[in-house]
Amino acid sequence: MPRIDLCSTAEVAPGNALKVETGELTLAVFNVDGEYYVTDDLCTHGPGSLSEGYIEDDVVECNFHNGQFNIKTGAVVAPPCMVPVKTYKTLVENGRVLIEVD
């Protein structure tokens, strides 16, 4: 399965997110208590950027309409969002955050 190198772990402090554009993907890389998760950056409800959202524990609140997603699963936590956000299988190797894509 192809892998894409996104960033170094040091670029994403705990409780924060980083927007990464690679190829046709625009992604949000999250650090939740030292574990890394990757979702699409674009909110499924509107033009909000999840990497610029408010993060509390494993939930991100979109900065556009305040909808919320679980960072680990992509599941909708609070409306107005209805559609889960896409998540990616995330790996950390040699201090780098990678995703597997199919």
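An account of the accompanying structure is given in this report. Keep in mind the model is a prediction, meaning the values are calculated, not measured.

Overview of the pattern of salt bridges
Between side chains of opposite charge, a pair can form when the charged atoms approach closely.
In step 1: A complete count under the given rule lists four salt bridges for this structure.
In step 2: A salt bridge links Arg-3 to Glu-93, with the shortest nitrogen-to-oxygen separation between them at 2.6 Å. With Arg-3 in strand S1 (residues 3-8) and Glu-93 in strand S9 (residues 87-93), the pair connects residues that are 90 residues apart, well separated along the chain.
In step 3: Put simply, Arg-3 and Glu-100 hold a salt bridge, and the shortest N to O gap is 3.7 Å. One end of the pair, Arg-3, is in strand S1; the other, Glu-100, is in strand S10 (residues 96-100), and 97 residues separate them in sequence.
In step 4: According to the relative accessible area criterion, Glu-100 is buried, its value standing at 16%.

Re the sheet that holds strand S3 (residues 25-32)
In step 1: Across the sheet, six strands lie side by side as S1-S10-S9-S4-S3-S2; this open sheet has antiparallel pairing. Two strands bound the open sheet, and with one partner strand each, they are S1 and strand S2 (17-22). Averaged over all pairs of adjacent strands, the angle between their axes in this sheet comes to 30°, without regard to strand direction.

Criteria and thresholds
Residues numbered from 1 in each chain as written. Predicted model: local features only at pLDDT ≥ 70, side-chain atom pairs only at ≥ 80, totals over all residues. Heavy atoms only, no water. Salt bridge = Lys/Arg side-chain N within 4 Å of Asp/Glu carboxyl O. Helix = DSSP H or I, 4+ residues; strand = E, 2+ residues; numbered from the N terminus. Buried < 20%, exposed > 50% of the residue type's maximum accessible area, 1.4 Å probe, protein only. Pairing = 2+ DSSP bridges. Axes fitted to C-alpha atoms, helices over the stretch in contact; angles between N-to-C directions.

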